[in-house]
Amino acid sequence: MTRIRTSLALFAAFAALAVVSLHAEPPKPKHINRAIELLEAGQPVYYTGSHSGTEGTFEAGKADAQTYADYISYDMEHAPYDVKGLAEYMKGLVAGGPTKSGHRTPTVIVNVPVNGIDEAAVRANAWMFSQVLATGVHGIMLTHADTPGAIRAFVEMSRLPIHHEGVGKGML
């Protein structure tokens, strides 16, 4: 009789543990961006994405929300500059989330159609950075960054005017 009680108690404990684990929430992420967590841990970061344009739709975002990759490369360099489509894609990622790691969306890095050949070119096209960042992406890739002045201008123009971290003489 004691053996049956012990067996039933163990069975009940394992069943309760199974039910709790089914309803357990995903781990709370340390950062909004999984790629940062991986880099901090010295781990590689893998990406997915097209280099011939990304379909900027809600449905495409929802489908990509559970990607295997650590970040999504969203291409606007070789495709139409469509901020509305990017915003819909980001909404789809949110609707399809959270990710398996508990993040609201996968990390999204956008390749903007700006050639960083020099500081003047970057400053003249900086309006694109603001529009892309306003959609909620995690970062921007400046293509063909050829000079330190272009990179400095990119960092300065990608920040909101109220933030001065990383801006100014000797900061880069």
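Attention in this report is confined to the structure presented alongside it.

Procedures and definitions
- Residues numbered from 1 in each chain as written.
- Predicted model: local features only at pLDDT ≥ 70, side-chain atom pairs only at ≥ 80, totals over all residues.
- Heavy atoms only, no water.
- Helix = DSSP H or I, 4+ residues; strand = E, 2+ residues; numbered from the N terminus.
- Buried < 20%, exposed > 50% of the residue type's maximum accessible area, 1.4 Å probe, protein only.
- Contact = heavy atoms within 4.5 Å.
- Areas by Shrake-Rupley, 256 points an atom, 1.4 Å probe, with all protein chains shown as cover.
- Expected span 1.5 Å × (residues − 1).
- Polar contact = N/O pair within 3.5 Å; in protein donor to acceptor, adjacent residues only side chain to side chain.
- Pairing = 2+ DSSP bridges.
- Right-handed = clockwise from strand over helix to strand, strands pointing away.
- Phe/Tyr/Trp six-rings, centres within 6.5 Å; stacked < 30°, edge-to-face > 60°.
- Salt bridge = Lys/Arg side-chain N within 4 Å of Asp/Glu carboxyl O.

**Considerations on the overall build of the chain**
- Helix and strand content of the chain: seven helices and four strands.
- Across the chain, helices and strands are ordered from the amino to the carboxyl terminus as α-α-β-α-β-α-β-α-α-β-α.
- Looking at the 172 residues of the chain, the share that counts as buried comes to 33%.
- Nonlocal contacts in the chain, meaning residues at least 24 apart in sequence, comprise 68% of its contacts between residues at least 6 apart.
- Carbon together with sulfur atoms contributes 63% to the accessible area of the chain, which is approximately 10,800 Å² in total.

**Remarks on helix 4 (residues 83-96)**
- Relative to the 20 Å expected for 14 residues at 1.5 Å per residue, helix 4 spans 20 Å between its end C-alpha atoms, a close match to the ideal helical length.
- The complete set of buried residues in helix 4 reads Val83, Gly85, Leu86, Tyr89, Met90, Gly92, Leu93 and Gly96.
- Tucked into the core, helix 4 has its buried residues touching helix 3 (58-64), strand 2 (71-75), strand 3 (107-115) and helix 6 (127-133).
- Its side-chain oxygen at 3.4 Å from the backbone nitrogen of lysine 84, aspartate 82 defines the N-terminal cap of helix 4.

**Considerations on the sheet that holds strand 4 (residues 139-143)**
- Strand order in this open sheet of four strands is 1-2-3-4, and the pairing throughout is parallel. The outermost strands of the open sheet, each flanked by one partner alone, are strand 1 (47-48) and strand 4.

**Some points on the pairing of strand 2**
- With five of five residues buried, strand 2 is to be regarded as a mostly interior element.
- Residue alternation in strand 2 divides its side chains into two sets, Tyr71, Ser73 and Asp75 and Ile72 and Tyr74, and both sets are buried.
- Sheet topology places strand 1 next to strand 2; two bridges connect them, and they run parallel. Paired with threonine 48 across the strands is isoleucine 72, a residue of strand 2.
- Taking the sense of rotation as the criterion, the β-α-β connection linking strand 1, helix 3 and strand 2 turns out right-handed.
- Chirality of the crossover, the property in question, places the unit of strand 2, helix 4 and strand 3 among those that are right-handed.

**Concerning the environment of alanine 69**
- Checked against the element boundaries, alanine 69 lands in the loop between helix 3 and strand 2.
- Each C-alpha atom, one on alanine 69 and one on tyrosine 46, is 5.5 Å from the other, the two residues being 23 residues apart in sequence.
- Excluding residues within four positions of it along the chain, alanine 69 makes contact with Tyr46, Tyr47 and Thr48.

**So, the packing of aromatic side chains**
- Following the criterion strictly, the structure yields four aromatic pairs and no others.
- Judged by centre distance (5.6 Å) and plane angle (80°), the rings of tyrosine 81 and tryptophan 127 are edge-to-face. With tyrosine 81 in the loop between strand 2 and helix 4 and tryptophan 127 in helix 6, this residue pair connects regions lying 46 residues apart in the sequence.
- A centroid spacing of 5.1 Å and a plane angle of 90° characterise the contact between phenylalanine 129 and phenylalanine 154, whose relative ring orientation is edge-to-face.

**Points about unusual backbone geometry**
- For the bond running from glycine 97 to proline 98, omega is 0°, close enough to zero to count as cis.
- When you line up the elements, proline 98 lands in the loop between helix 4 and strand 3.
- Notably, histidine 144 is not glycine yet its phi reads approximately 55°, a positive angle.
- Taking the relative accessible area as the measure of exposure, histidine 144 reaches 49% and is therefore partly exposed.

**Concerning the pattern of salt bridges**
- Scanning the entire structure with this criterion turns up four salt bridges.
- Here arginine 123 ties to glutamate 119 by a salt bridge, and the two come within 3.0 Å at their closest N and O atoms. Here arginine 123 and its partner glutamate 119 are both found in helix 5 (residues 119-124), four residues apart, which amounts to about one turn of the helix.
- Look at arginine 123 and you get partly exposed, because its relative accessible area is 34%.
- Counted as one network, the salt bridges with shared partners bring together Glu119, Arg123 and Glu156.

Function-wise, these values are silent; they only describe arrangement.
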